[in-house]
Amino acid sequence: MRFVEFDTGLQTYITQEEQELIDTISKQPVKKRDLTLREQEVARHLTNKSILIRQKINDSIIFKLGKDVQT
């Protein structure tokens, strides 16, 4: 398994599926509507783990990597 480390030194384990989504979102923020239903669910789990940040900009929901996350 892989893990993500936060600036504080805490680590949390992630699955391969979560890692692939993190790799995609780390390049640039992604709109929720551009994700499949499964990817939206994975993004929700990553948001609950504080790895991703969900923001509402205008009428779109954007997912981006948390600023204290090291992959």
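Scroll up a little and you will see the structure.
First, a word on scope: everything that follows refers to the structure included in this document. What you see is a predicted model; the values in this text were computed from it and never measured.

This part is about the packing of helix α1 (residues 16-27) against helix α2 (residues 37-48). Packed helix pairs are characterised by how far apart their axes lie and by the angle those axes make with each other. Two elements in contact, α1 and α2, have axes separated by 10 Å at closest approach and are oriented at 90°. Overall, the two elements α1 and α2 adopt an arrangement that is roughly perpendicular. For the pair α1 and α2, contact is made by Glu17, Glu18, Leu21 and Ile22 and by Arg38, Glu39, Val42, Ala43, His45 and Leu46, respectively. A per-class count over the contact of α1 with α2 returns 5 nonpolar, 1 polar and 4 charged.

With that settled, consider the side chain of Gln19. With respect to the element layout, Gln19 can be found in helix α1. The class of Gln19 is buried, set by a relative accessible area of 10%. Reaching out from Gln19, the side chain makes a polar contact with the side chain of Asp23 at a distance of 2.8 Å. In this view, Gln19 contacts Arg2 and Ile14; residues no more than four positions away in its chain are not counted.

The 3 strands are arranged β2-β1-β6 in an open sheet whose pairing can be described as antiparallel. Each end of this open sheet is capped by a strand with a single partner; those strands are β2 (11-14) and β6 (69-70). Relative to β2, strand β1 (residues 2-6) is paired through 4 bridges, and the arrangement is antiparallel. Its bridge partner being in β2, Val4 is matched across the sheet by Thr12. Along the sheet, α1 contacts β1 and β2; its crossing angle with β2, the most-contacted strand, is approximately 105°.

The rules behind each value
Residues numbered from 1 in each chain as written. Predicted model: local features only at pLDDT ≥ 70, side-chain atom pairs only at ≥ 80, totals over all residues. Heavy atoms only, no water. Axes fitted to C-alpha atoms, helices over the stretch in contact; angles between N-to-C directions. Helix = DSSP H or I, 4+ residues; strand = E, 2+ residues; numbered from the N terminus. Parallel < 35°, antiparallel > 145°, perpendicular 65-115°, else oblique. Contact = heavy atoms within 4.5 Å. Nonpolar A, V, L, I, M, F, W, Y, C, P; charged D, E, K, R; others polar. Buried < 20%, exposed > 50% of the residue type's maximum accessible area, 1.4 Å probe, protein only. Polar contact = N/O pair within 3.5 Å; in protein donor to acceptor, adjacent residues only side chain to side chain. Pairing = 2+ DSSP bridges.

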